[in-house]
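So you can see what is in the structure, the chains are spelled out below.
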Amino acid sequence: MVAALGVLGGLLLGTSGCSSNKPAPPPPPKPVINQLTGMGPGGHVLAVKIDNVGAAQTQQTGLNSADLVYVVQVEGGLSRYLAVFDSSSAPGRVGPVRSARQTDIPLLASFGKVGLAYSGAISGLLPDLAAANLENITPSRAPTLFSNGGSSPTYISPAAVFAAYPDLAQTQDVGLRFGAAPAGGQPASSAAARMPAASFTFTASGDRWLVTVDGRQAATTDQGPTATDNVIIQHVSVVPGKYTDYNAGHPDNEVFSQTTGQGAADFYRDGEVWHGQWSKPTDGSPTSYTVAGVPMRLTPGRTWIVLEG
C-alpha cells in the first residue's frame, strides 16, 4: 500500500512539474501606430499656432517634426499655421508662436483634450477658448514654457509642455488613412493653393513635396527645407468670424474657415494627385477623406492640409 502511494505521488509530482501543461505565454503587444502619421508610436498631442507673415517666414523652427500642419487663413487674407506635434517625436523648439483664432476650436475638437499653445487672442474669443475642450497654454498662463517672456518672436519647448501637462490627450483617429496608393492617381509635379494674400506651392521631390510660400522656398532655422509627405487641399467656406479686433484704432476683421460640413478635396502623394471629397458631420467627428466614396490612403508620414476658401 505504501509503495503504491509512493508511485502515485511520484506520478503526480511528475505531472505537476511537466512544462507542457503550463499556459502559453501571452503574445507580445502589438506596436501602437500613430494615427496622425501612420507610422511610429503615438504620444500626447500639442498644437501650436505659428506665424507665417513677413520676417516670421525666415524664423520658423520645428515644422519638419510636425505630424500635421494646417494652413489657415486669417484677417487680411494672410495665412497662419496650426502645427500638431506628438510627444514621441517633438522637436526641441517650435515657433514663432502667435495668437489663436476661432477656426482652431472646431478644427481641434476631434483630437480630444490636447494642448493649444498660442501667444494670445482677441478678447471676445477668450471665453470660447476657455470653454473649449482644450488645454490653453499661453505666456500669461505658463510663462516659463515660452522664450522671450512671450514677446515677439517667441518660441515654445514641446518637451517642457509635455512634462508640465502629462494628461494631454494622445494621438487618436481624426480621419486620416494610410497605406498603398489607390488606383486612379494622375501624375502631378506640383500642387498650388491660394489665399487672398498668400500663396503655396508644393513641388514633388522624390516621394516628398517641398514647400514654397509666397514665391519663396520655405525652410526652417533648424531642419532645412520645409517638406511634407502628403498634401491635402481642403476646399472650405471662409466666412466672417464672430469677433472683430481693433488694433491701433482700425478693425481687423477675423475670418472663420468652416471645417465642419463637406466639400471637395485634392490629395497629393508620391508625385500623383487624386480628386475627391471631405466630410465632417460634427465638430468632434473625424474628417472623412474619400475618392469616389472610398477612403483616400496617404503615404505614412507628415501631412500638410491647406484650408483653401
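Use the structure listed above.
Residues numbered from 1 in each chain as written. Predicted model: local features only at pLDDT ≥ 70, side-chain atom pairs only at ≥ 80, totals over all residues. Heavy atoms only, no water.

S.K.: Which residues make up unusual backbone geometry, and what values go with them?
M.R.: For residues that are not glycine, phi is negative in most cases, and the peptide bond is trans in most cases. Along the chain, glycine 95 connects to proline 96 via a cis peptide bond; the corresponding omega equals -5°. With a phi angle near 50°, aspartate 214 is a residue other than glycine that sits in the positive phi range. Its place among the elements puts aspartate 214 in the loop between strand E10 (208-213) and strand E11 (216-217). The phi dihedral of aspartate 270 falls on the positive side, at around 50°, and the residue is not glycine. Mapped onto the elements, aspartate 270 comes out in the loop between strand E18 (261-269) and strand E19 (272-280). (Helix = DSSP H or I, 4+ residues; strand = E, 2+ residues; numbered from the N terminus.)

S.K.: Give a description of the pairing of E10 that names residues and reports values.
M.R.: Direction of pairing for strand E9 (residues 198-205) relative to E10: antiparallel, over a ladder of six bridges. Paired with threonine 201 across the two strands is threonine 212, which belongs to E10. Where E9 hands over to E10, the hairpin turn is made up of two residues, of which glycine 206 adopts a positive phi near 65°. Direction of pairing for E10 relative to strand E14 (residues 227-228): antiparallel, over a ladder of two bridges. Each bridged residue has a counterpart across the sheet, and for leucine 210 the counterpart in E14 is alanine 227. (Pairing = 2+ DSSP bridges.)

S.K.: Explain the pattern of salt bridges to me, using residue names and the numbers behind them.
M.R.: Taken as a whole and judged by the stated rule, the model has eight salt bridges. Among the ionic pairs, aspartate 104 bridges to lysine 49, the shortest N-O distance being 3.1 Å. Of this pair, aspartate 104 sits in helix H2 (residues 104-108) while lysine 49 is found in strand E1 (residues 45-51), placing the two residues 55 residues apart along the sequence. A salt bridge links arginine 101 to glutamate 75; the shortest N-O distance between them is 2.7 Å. Highlighted residues: arginine 101 in the loop between strand E3 (79-86) and H2 and glutamate 75 in the loop between strand E2 (68-73) and E3, separated in sequence by 26 residues. (Salt bridge = Lys/Arg side-chain N within 4 Å of Asp/Glu carboxyl O.)

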